[in-house]
Amino acid sequence: MPIRIKKEAVPEGISRRVKEISGIDINGCLQCKKCTNGCPVSGYTASSPAEIIKKLQLGAGKELLDSEIIWTCVSCSTCYSRCPMEINMAQVMDALRVLAEETGAATPDGNMPLMNKILLGTIKTFGRTYDLGAMALYKAGTASYMKDMDKVPMILKKGKIALLPSQGADKKMVKQIFNHLEKARKK
Amino acid sequence: MKYAYFPGCSAESTARDLYLSTLAIAPVLGIEFVEPKGWSCCGTTMAHQVDHDLSVSLAAANLLKVKDMGLNMVVSCASCYSRMKIANHEISTHPKTREKIAATLGRDYDGSVKVRHFVEIILEDMGLAAFKKALTHSLQGLKVASYYGCLLVRPPEIASFDDPENPVYMDRLIHAMGGVGLDWPHKVECCGGSLTLTRSDLVIKLSEAIIAMAKDAGAQCIAVACPMCQINLDMRQANILKATGKRYNMPIIYITQLMGLCLGMSEQVLGLNKLIISPQETLNFIQSSIRS
């Protein structure tokens with residue numbers, strides 16, 4: 001299958017930024033595709049880990065950041081575990097997510113960036129995740145009220161989800177972490 | 001055997017059953033747990049997708065608390081296990097990261113607190129012989145597919161949990177309890193983990209592949225050690241039925257719950273009533289075997 005890329009003004013495309021963020025050098029990739037063969041989602045999603053690496057090597061531009069696999073990647077690390085060149089593809093994917101957010105790339109199906117933001121918001125507020133609150137906010141944000149609504153009464157009844165947020169965390173420390181890193185990012 | 005026990009956020013919510021069963025069996029096995037005061041979220045699947053330093057800091061804040069206790073950390077959630085170990089790795093191999101995390105936390109952490117999974121301390125610290133001695137009941141031939149998922153075993157050089165492609169730790173516990181740990185190929189496949197609410201269409205496909213393979217291997221239940229695997233495999237069987245018409249009715253039981261049953265504990269104490277696919281058939285089988 002031919003791999004097509006759109007080059008942009010910066011000759012190395014986004015691969016230089018990926019290396020800056022993740023510290024991972026992708027140039028050793030042999031295109032053996034063990035990563036792709038082991039990837040649980042590449043069979044169900046556009047693109048694959050090996051294709052992402054090839055595109056980075058060829059100097060792809062921002063359109064790479066619209067790739068669905070950046071957000072369907074489950075961070076299972078099968079790619080990295082089986083890579084003969086020990087390329088940590090899971091961290092490359094994390095770097096691509098950061099860049100996708102930075103550059104305002106297309107919102108993926110299921111809007112994972114929103115889910116991340118909401119869940120991290122619950123951690124910042126309570127020091128621990130608050131699933132039920134996050135679910136409600138996510139549903140409001142994606143207008144997907146009906147999806148999985150049959151599950152909520154069932155898991156509530158079984159006590160398989162907490163009704164109220166936890167109160168026991170060292171909230172001061174968690175706030176300090178978020179505030180410090182938010183300031184560092186702005187610099 | 002005394003450890004700092006890190007419950008993780010799911011212990012108070014979606015994995016209350018894992019928490020209850022772990023705390024119920026630990027003292028019977030001679031394990032003493034102390035919870036770090038004010039423990040907070042490890043950053044789990046979200047933080048590393050947004051900011052590397054945030055994910056390391058959130059985990060390190062807890063590791064530092066445990067270091068102050070002068071103990072090593074035991075976790076029962078595979079995601080906490082993974083994030084804590086990755087934080088230790090990042091801090092001890094990248095001096096720059098260590099500096100940044102120290103600035104964020106206001107204190108230096110050297111990455112030295114050992115992080116262990118509950119299953120590991122049973123096998124490595126207690127030993128199978130002592131574990132067997134503590135048992136009062138047997139699984140008597142129950143066929144169990146042990147499912148390890150991703151976060152316990154990968155990436156191998158950081159997780160260093162058993163064998164990354166064919167782990168057998170849970171199988172060894174099942175054999176010790178008188179069950180049959182099945183040899184099956186999907187032990188370390190991914191269930192879809194963090195995509196559970198955002199891309200349930202994918203989670204349904206990935207989870208079905210795992211459950212179908214376990215069924216083909218002759219499993220009467222699947223044993224798990226990760227809260228995300230448990231809820232995906234358990235809750236999504238209703239969606240699988242709707243999408244494919246296939247009713248698997250496969251109980252997804254925490255390894256700690258199976259251990260509790262073999263220590264003679266009740267379903268209530270072990271939180272077995274919280275499972276979505278009823279484990280009743282499995283329980284009946286164990287009980288009928290015990291009587292016969």
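## Quick word on the overall build of chain B
Along its length, chain B carries 14 helices and 8 strands. Expressed as a percentage of its 292 residues, the buried residues of chain B come to 61%. Pairs at least 24 residues apart make up 78% of the contacts formed inside chain B by residues separated by at least 6 positions.

## Structural notes on the pairing of strand S1 (residues 2-6) of chain B
Two faces, one strand: in a regular strand the side chains alternate between the faces of the sheet. Residues and elements named next belong to chain B. Among the 5 residues that make up S1, 4 are buried, leaving the element largely enclosed by the rest of the structure. Bridge count between S1 and strand S2 (residues 32-34): 3 bridges; the pairing is parallel. Across the sheet, Tyr3 pairs through a bridge with Phe33, a residue of S2. At this point the chain moves from S1, through helix H1 (residues 16-28), to the parallel S2, and the crossover so formed is right-handed. Bridging between S1 and strand S3 (residues 73-75) involves 3 bridges; their strand directions are parallel. Paired with Ala4 across the two strands is Met73, which belongs to S3.

## Brief notes about helix H5 (residues 95-105) of chain B
Turn by turn, an α-helix covers 3.6 residues, leaving residues three or four places apart pointing in a common direction. All names here are of chain B. All of the buried residues along H5 are Thr97, Lys100, Ile101, Thr104 and Leu105. Down the axis of H5, the sector holding all buried residues measures 125°, keeping them to one side. For H5, the exposed residues set more than 90 degrees away from the buried face come down to Pro95, Lys96 and Glu99. The positive-phi residue at the C-terminal boundary of H5 is Gly106, with phi of around 80°.

## Looking at the sheet that holds S2 of chain B
Residues and elements named next belong to chain B. Taken in spatial order, the 4 strands of this open sheet run S2-S1-S3-S4, and their pairing is parallel. Among the strands making up the open sheet, the edge pair consists of S2 and strand S4 (115-117). Between one strand axis and the next, the sheet turns by 45° as a mean value, whatever way the strands run. In the packing of helix H4 (residues 78-93) onto the sheet, contacts are made with S1, S3 and S4, and the angle to S4 comes to roughly 160°. Against the sheet, helix H6 (residues 118-126) contacts S1, S3 and S4, and its axis sits at roughly 90° relative to S4.

## Re the environment of Thr129 of chain A
Its location among the elements puts Thr129 of chain A in the loop between helix H7 (112-126) and helix H8 (131-142). A residue is classified by how many C-beta atoms lie within 10 Å of it, and Thr129 of chain A, with 28 of them, is buried. Residues Thr129 of chain A and Gly13 of chain A, 116 residues apart in the sequence, show an inter-C-alpha distance of 36 Å. The residues touching Thr129 of chain A, leaving out its near neighbours within four places in the chain, are Leu119, Thr122, Ile123 and Ala134 of chain A together with Cys9 and Cys41 of chain B.

## Topic: the interface of chain A and chain B
Of the residues lining the interface, 45 residues belong to chain A; the matching set on chain B comes to 45 residues. Top contributing element to the side of chain A that touches chain B by residue count: H7 of chain A, with 6 residues. Residue composition of the side of chain A that touches chain B, by class: 21 nonpolar, 14 polar and 10 charged.

## Quick word on unusual backbone geometry
Residues and elements named next belong to chain B. Omega for the bond connecting Arg154 with Pro155 falls within 30 degrees of zero, at -10°, which places this linkage in the cis form. Structurally, the position occupied by Pro155 is in the loop between strand S5 (143-147) and helix H8 (156-159). Positive phi, normally seen in glycine, also occurs at Asp162, with a value near 50°. Within the secondary structure, Asp162 is located in the loop between H8 and helix H9 (169-176). Residue classification places Asp162 among the buried residues on the basis of 21 C-beta atoms within 10 Å.

## Structural notes on helix H1 (residues 15-22) of chain A
All names here are of chain A. Among the residues of H1, those classed as buried are Ser15, Val18, Ile21 and Ser22. One face of H1 carries all of its buried residues, which in axial projection span an arc of 125°. Buried-residue contacts for H1 involve helix H3 (49-57) and helix H6 (89-102). Taken from the residues just after H1, Gly23 is the one with a positive phi, measuring 75°.

## Examining the domain arrangement of chain B
Residue and element names in this part refer to chain B. Assigned domains of chain B: these are domain 1 (2-117) and domain 2 (128-291). The distance between the C-alpha centroids of domain 1 and domain 2 comes to 24 Å. Contacts between the two partners involve 24 residues from domain 1, matched on the other side by 28 residues from domain 2. If you list the elements that add at least two residues to the side of domain 1 that touches domain 2, you get H1 and H4. When residues in the side of domain 1 that touches domain 2 are grouped by element, the largest group, 9 residues, is from H1.

## Quick word on the environment of Lys143 of chain B
All names here are of chain B. As for its placement among the helices and strands, Lys143 is situated in strand S5. By C-beta crowding, Lys143 is classed as partly exposed, having 17 other C-beta atoms within 10 Å. Along the backbone, Lys143 and Ile174 are 31 residues apart, and their C-alpha atoms lie at a distance of 9.1 Å. In this view, Lys143 contacts Val180, Leu182, Gly218, Ala219 and Gln220; residues no more than four positions away in its chain are not counted.

Conventions used here
All residue numbers refer to position in the chain's written sequence, counted from 1. As a convention, the first chain written is A and the first ligand written is 1, with the rest following in written order. Two thresholds apply to this predicted model, a pLDDT of at least 70 for residue-level local features and 80 or more for giving and counting side-chain atom pairs, whereas whole-chain, interface and lining totals are computed over all residues. Secondary structure is summarised from DSSP: a helix means a run of H or I of at least four residues, a strand means a run of E of at least two, and numbering begins at the N terminus for each. Three exposure classes are used, all based on how many other C-beta atoms lie within 10 Å of a residue's own C-beta (placed from the backbone): buried at 20 or more, exposed at 12 or fewer, and partly exposed between those limits. Whether two residues are in contact is decided by their C-beta atoms, placed from the backbone, lying within 7 Å. Should DSSP find at least two bridges between two strands, the strands are taken to pair. Here the term right-handed applies to a crossover when the path leading from its first strand over the helix to its second strand runs clockwise, the strands being oriented away from the viewer. The arc under discussion is defined with respect to the helix axis, by the directions toward the C-beta atoms. What counts as an axis is a line fitted to C-alpha atoms, over the stretch in contact for a helix, and the angles between N-to-C directions run from 0 to 180 degrees. Amino acids outside the nonpolar list (Ala, Val, Leu, Ile, Met, Phe, Trp, Tyr, Cys, Pro) and the charged list (Asp, Glu, Lys, Arg) are all regarded as polar, and Gly is one of them. Note that the domain bounds were set by an automatic or database domain assignment.

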